Amino acid sequence: MTIEKSFKESVVVNLNKPPDITSHQAGRKVQRILGASKTGHAGTLDPFAEGVLLVCLNDATRITEYLSSLEKEYIAHLQLGMVTDTLDITGSIVREEDPSGIDEDRIIRVLRQFKGELMQVPPMYSAIKQKGVPLYKLARQGITVQREERRVFIAMMELLSFSLPEFAVRIRCSKGTYIRSLARDIGEVLGVGAVVKRLQRTAIGHFNVEDSVSFEALRKGKCTFSSMDEALAHLKELTLDDDQFRLAGHGTEFFAKPGISEGELVRLKSPGGDFFAIGKFKNGGLMKIEKVFFQ
């Protein structure tokens, strides 16, 4: 797909977001560069963070929810001996400790404790809303409110480097995981506090930072885009016969072949093999139509 047609196409950009810009600002910048009518992003990155941000253009904004749910991978650089109000290096220091007694073996042992399923309290400096107000707006007013714990899953915690007072770790985790909260909790277990000094998202599902593009590359047309079908490659696909295609096009349920798990989302394709909708397999063999994109 060429950049000349990108403003008309419904595609996904694997953007390498630079630091010091919000995800919303990054999406708007892509929109201006390419001339798209609308954009949306899948999986928000903190302003100070960098790396993979999926920017969906035009009708591809309708698949952001299916991309946001994908597993994420990060490389986080943590600084020991410090706690800040934002849980990262950009915040105001609220406590300092001496980290000189921490060694590499201890960090490795503590990281193991955070693998698997765990409950996590989101940071006050986050976009989560309470009574319609983002928490970060309350935090800026000095207001702290109770936040509900969230269940997250940490698939991998790999120590990459260690040199007091810092260490770097590769993290693979589920949707909804806050790396800043993870740093806070690791620091508390170590007993000296910790904040995120640098954060790079290296992957969202099958999208990785090696294949991402910069704003400059977009301006020069040196980039590739993913079609909606390619972006949703993590979902199984089902090619419909003529009767199923007719029913699906009207949003009507139909019986699907076995081999699909109940509740599973599926890319639905026309008899000619073109992606046109997303369905969800229900109990009893029925395929419910979630969204129709093309007729």
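Our subject in this report is the structure included herewith. Just so it is clear, the structure is predicted and the values come from calculations on it, not from any experiment. (Residues numbered from 1 in each chain as written. Predicted model: local features only at pLDDT ≥ 70, side-chain atom pairs only at ≥ 80, totals over all residues. Heavy atoms only, no water.)

## Overview of helix α3 (residues 104-113)
Working step 1: Among the residues of α3, those classed as buried are I107, V110 and L111. Projected down its long axis, α3 carries its buried residues within an arc of 105 degrees, all on one side. Projecting away from the buried face of α3 at angles above 90 degrees are the exposed residues D105, R112 and Q113.
Working step 2: In the core, the buried residues of α3 are packed alongside β4 (72-80), β10 (150-163), β11 (166-173) and α5 (179-190). (Buried < 20%, exposed > 50% of the residue type's maximum accessible area, 1.4 Å probe, protein only. Helix = DSSP H or I, 4+ residues; strand = E, 2+ residues; numbered from the N terminus. Arc of directions from axis to C-beta. Contact = heavy atoms within 4.5 Å.)

## Side note on the packing of aromatic side chains
Working step 1: In this structure the tally under the stated criterion is 3 aromatic pairs.
Working step 2: What links up through ring pairs into an aromatic cluster is the set F275, F293 and F294.
Working step 3: Of note, K29 hangs over the ring of F215, and the distance from its end group to the ring centre comes to 4.5 Å. (Phe/Tyr/Trp six-rings, centres within 6.5 Å; stacked < 30°, edge-to-face > 60°. Lys NZ or Arg CZ within 6 Å of the ring centre and 35° of its normal.)

## Here's the deal with the sheet that holds strand β15 (residues 236-239)
Working step 1: Spatially, the 5 strands line up as an open sheet ordered β15-β17-β18-β19-β16, and their pairing is mixed. The open sheet terminates on both sides in strands that have one partner only, identified here as β15 and β16 (254-255).
Working step 2: For strand β18 (residues 275-281) and strand β19 (residues 286-292), the ladder comprises 5 bridges, and the chain directions are antiparallel. From the neighbouring strand, A277 faces β19, where its bridge partner is V292. (Pairing = 2+ DSSP bridges.)

## Some words on the pairing of strand β1 (residues 11-17)
Working step 1: Burial within β1 is extensive, with 6 of its 7 residues counted as buried.
Working step 2: Note: β1 against strand β14 (residues 226-227), 2 bridges, orientation antiparallel. In the sheet register, V11 faces β14, and the bridge partner there is S227.
Working step 3: Here β1 runs beside strand β3 (residues 50-57); their pairing, made up of 6 bridges, is antiparallel. Note that in β3 the partner of L15 across the bridge is L53.

## Describing the packing of α3 against α5
Working step 1: Direction vectors running N to C along α3 and α5 enclose 125 degrees, while the axes themselves pass 10 Å from each other. Here α5 runs oblique to α3, going by the angle between their axes. Classified by chirality, the crossing of α5 by α3 is right-handed. Residue-level inspection shows R106, I107, V110, L111 and Q113 of α3 in contact with α5, the latter providing I186, V189 and L190.
Working step 2: In the contact of α3 with α5, the residues fall into 6 nonpolar, 1 polar and 1 charged. (Axes fitted to C-alpha atoms, helices over the stretch in contact; angles between N-to-C directions. Parallel < 35°, antiparallel > 145°, perpendicular 65-115°, else oblique. Left-handed = near helix turned anticlockwise from the far one by under 90°. Nonpolar A, V, L, I, M, F, W, Y, C, P; charged D, E, K, R; others polar.)

## Digging into the nonpolar core
Working step 1: Grouped together as the largest cluster of nonpolar side chains are 30 residues, with contacts concentrated most on F167, I171 and I186.
Working step 2: Those elements giving two or more residues to this core turn out to be β4, α3, β10, β11, α5 and β12 (194-204).
Working step 3: With 5 residues, α5 is the single largest residue contributor to this core.
Working step 4: In contact with F167, other than residues within four places in its own chain, are A76, H77, L78, L80, I107, L111, L159, S161, F162 and I186.
Working step 5: The next biggest cluster of nonpolar side chains, apart from the first, holds 20 residues, and it includes L54, A231, L232 and L235. (Core = buried A, V, L, I, M, F, W, Y, C linked by side-chain atoms within 4.5 Å.)

## Describing the pattern of salt bridges
Once their charged atoms are close, side chains differing in charge can pair, the charge on each being opposite to the other.
Working step 1: Per the stated rule, a full pass over the model turns up 20 salt bridges.
Working step 2: Linking R172 and E71 is a salt bridge whose minimum nitrogen-to-oxygen distance equals 3.9 Å. Here E71 lies in the loop between α2 (64-68) and β4 and R172 lies in strand β11, a separation of 101 residues in the sequence.
Working step 3: D229 is the salt-bridge partner of R267, the closest N and O atoms lying 2.6 Å from each other. (Salt bridge = Lys/Arg side-chain N within 4 Å of Asp/Glu carboxyl O.)

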